[in-house]
Amino acid sequence: MKRTPFPDSRFIAAVTVLVFLTGCTTFSKDGGFDTVSTTASQRLGKDAVLVRTDENRSAVTRRTQELLSKPLSMDDAVQIALLNNRGLQASYSELGIAEADLVQAGRLPNPGLTFSRTHGGSDLSISRTFTLGLLSVLALPLAIRIESGRFEQTRLLAADAMLKVAADARRAYIGAVATKQSAAYAEQVKDSAQAGAELALRMQQAGNFSKLDYAREQAFYAQAVAQLAKARQQSVSAREKLTRTMGLWGSQARYDLPERLPDLPATRPELPDLERFAMENRLDIQAAKLQTQSVARSLGLSRATRFINALDVGYQNNFTSSDGREQGYEISVEIPVFDWGASKVARAEAIYLQSANRVAETAINARSEVRESYSAYVTNYDVAKHYRDEVVPIRKTISDELLLRYNGMLASVFELLADSRDQIGAVNSAIDALRDYWLAQTDLQQGLGGRLPPLAMASAPFASTAPQASSTDSEGQ
């Protein structure tokens, strides 16, 4: 029997060229994480880490312990969350999935090899066919472009997820410190009420206090005890929310928080043209635009392959004992008799229209969110400043004057206690106003893409001092 040779050199050379041209799509060293780490550094002044190895985990643990060794600041809470939040680490896995799809798109389709051996009587037939999906090869460059766009979109979404976790950590920190401060003040109120109730009891027993006045002091004390229990529970709940956001457990959860929120900034910077800044910097808008571009490329591919659903080219090498060796090729094409590809094109067009409308919706919503958050930022700053400069000083003046009268025996101890009750609402409102300001600033930062504009960074604590990123045109601007 005569030995059948392999495919000729021209066919092998063509396949080799295709393999060389498509073999450049490989896995990157950082898996696309550079977008996340750069965004964290430039917009937050923080480090974002992709935890893959035991060495990474050990480094994260050491850094976390270092940050937890002192009373926790807002910046520290954000950094710990970026290092330890497991949900954030899980979202980074989307990068690996998207990159795998990109690399797969750059691979040639696996060839097919068919071998058959038949004989009838004295006639022996051997058939060998080597096939390759030609349409997949021709569409390879466009497929790589589509998956490259999707990979870039995933990188932006991963960075946006990181910014959202940072904002969540800020909010949780503000809530934890504010409730701790409120609980500490509630304890002071309870101690004052307890002292008043005990004094009222002794005076009532001595016959120097009416039953009505005694009941009022007791009622105030009972209410203060209930308010303290409620404030403590709110403090525990807010602290646990912060713990979850930072991804801490075990001994790490026993961290120290400061006694009170940061002071209100002396001035509030003017922030003009925020909508434009948001359109240039929000990563969700950039990701939505990339998705629309990717869908548009997919639509082009759908139209290009509308009529040819399958195109295979094959090399044949047959041998029969009667006719000897036979060589040739075959082309397999599906004939569009029943399916002309109209539904595939219509589906792609509908997906593109859907994507374009969602980009516009994202841009419109972003503009509205920026206007709303800026209004809240301005209002809450003015309210907190009003409490700081007007309400609290006036209440302090009243207390000081009443204390002078008490020292001059012109006011009773119960008048002092009554004045302390009047202060409760003002102090609690001042704490809430300061909390609301820091929350409003956090919401504004997130609405602007993770940072305030450069003009505000010098005067706004916890804002990044990195230079502004280069602007890009945005849909719906």
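Keep in mind that this is a model prediction, so the values were computed, not measured.

Focus: the overall build of the protein chain
Helix and strand counts for the protein chain stand at 13 helices and four strands. Taking all 477 residues of the protein chain together, 40% fall into the buried category. For the protein chain, restricting intrachain contacts to residue pairs at least 6 apart in sequence, the fraction spanning at least 24 positions comes to 77%. Looking at the protein chain as shown, the accessible area adds up to about 25,900 Å², and 55% of this sits on carbon and sulfur atoms.

Some details on the packing of helix α4 (residues 74-84) against helix α5 (residues 86-105)
Here α4 crosses α5 at 50°, and the two axes come no closer than 6 Å. By the angle class used here, α4 and α5 are oblique. Contacts between α4 and α5 pair A81, L82, L83 and N84 from the former with R86, L88 and Q89 from the latter.

So, the environment of R52
If you trace the backbone, R52 turns up in the loop between α2 (34-44) and α3 (54-68). Using a relative accessible area of 51% as the deciding quantity, one classes R52 as exposed. Note: C-alpha distance between R52 and Q89 (37 residues apart in sequence) is 9.5 Å.

Overview of the packing of α3 against α4
With their axes 10 Å apart at the nearest point, α3 and α4 run at an angle of 160° to one another. Relative to α4, the element α3 lies roughly antiparallel. You can see that α3 and α4 cross each other, and the crossing is left-handed. Across the interface between the two elements, V60, R63, T64, L67 and L68 of α3 pack against D76, Q79, I80, L83 and N84 of α4. Across the contact of α3 with α4, the residue classes tally to five nonpolar, three polar and two charged.

Considering α5
An ideal rise of 1.5 Å per residue puts 28 Å on 20 residues; α5 measures up with 30 Å between its terminal C-alpha atoms. Taken together, the buried positions of α5 are L88, Q89, Y92, L95, A98, E99, L102, V103 and A105.

Brief notes about the confidence of the model for the protein chain
Counting all residues, the mean pLDDT for the protein chain is 79, and 77% of those residues have values of 70 or more. Averaged pLDDT values for the elements of the protein chain fall to 52 in strand β3 (residues 311-320) and rise to 95 in α4. Low pLDDT (under 50) marks residues 1-7, which in the prediction has 13 contacts with non-local residues, meaning those over four places away or in another chain. Predicted confidence for residues 458-477 stays below pLDDT 50, and this span has 52 contacts to residues more than four positions away or in other chains.

Here's the deal with the packing of aromatic side chains
Per the counting criterion, the structure on display carries five aromatic pairs. Here Y381 and Y437 contribute two aromatic rings whose centre-to-centre distance is 5.5 Å and whose plane-to-plane angle is 65°, an arrangement assigned as edge-to-face. Residue Y381 is located in helix α11 (residues 342-407), and its partner Y437 is located in helix α12 (residues 413-447); the two are separated by 56 residues in the primary sequence. Y437 carries the same exposure label as Y381, and that label is buried. Through a chain of ring-to-ring contacts, three or more aromatic side chains come together here, namely Y374, Y377, Y381, Y437 and W438.

Points about α4
The element α4 is extensively covered by neighbouring structure, given that ten of its eleven residues are classed as buried. What α4 keeps buried is the set M74, D76, A77, V78, Q79, I80, A81, L82, L83 and N84.

Considerations on the side chain of T442
If you trace the backbone, T442 turns up in helix α12. Taking relative accessible area as the criterion, T442 reaches 1% and is therefore assigned buried.

Looking at the nonpolar core
Counting residues in each nonpolar core, the largest one holds 67 residues, and the members touching the most others are V36, L72, Y92, M162, L242 and M246. Ranked by the residues each element gives to this core, the list is headed by helix α7 (residues 140-205), at 14 residues. Discounting chain neighbours no more than four positions away, the residues touching L242 are L72, A77, A169, A172, Y173, A176, Y255 and L257. With six residues, the next largest nonpolar core counts Y185, A193, F220 and I424 among its residues.

Rules and cut-offs
Residues numbered from 1 in each chain as written. Predicted model: local features only at pLDDT ≥ 70, side-chain atom pairs only at ≥ 80, totals over all residues. Heavy atoms only, no water. Helix = DSSP H or I, 4+ residues; strand = E, 2+ residues; numbered from the N terminus. Buried < 20%, exposed > 50% of the residue type's maximum accessible area, 1.4 Å probe, protein only. Contact = heavy atoms within 4.5 Å. Areas by Shrake-Rupley, 256 points an atom, 1.4 Å probe, with all protein chains shown as cover. Axes fitted to C-alpha atoms, helices over the stretch in contact; angles between N-to-C directions. Parallel < 35°, antiparallel > 145°, perpendicular 65-115°, else oblique. Left-handed = near helix turned anticlockwise from the far one by under 90°. Nonpolar A, V, L, I, M, F, W, Y, C, P; charged D, E, K, R; others polar. Expected span 1.5 Å × (residues − 1). pLDDT = per-residue confidence, 0-100. Phe/Tyr/Trp six-rings, centres within 6.5 Å; stacked < 30°, edge-to-face > 60°. Core = buried A, V, L, I, M, F, W, Y, C linked by side-chain atoms within 4.5 Å.

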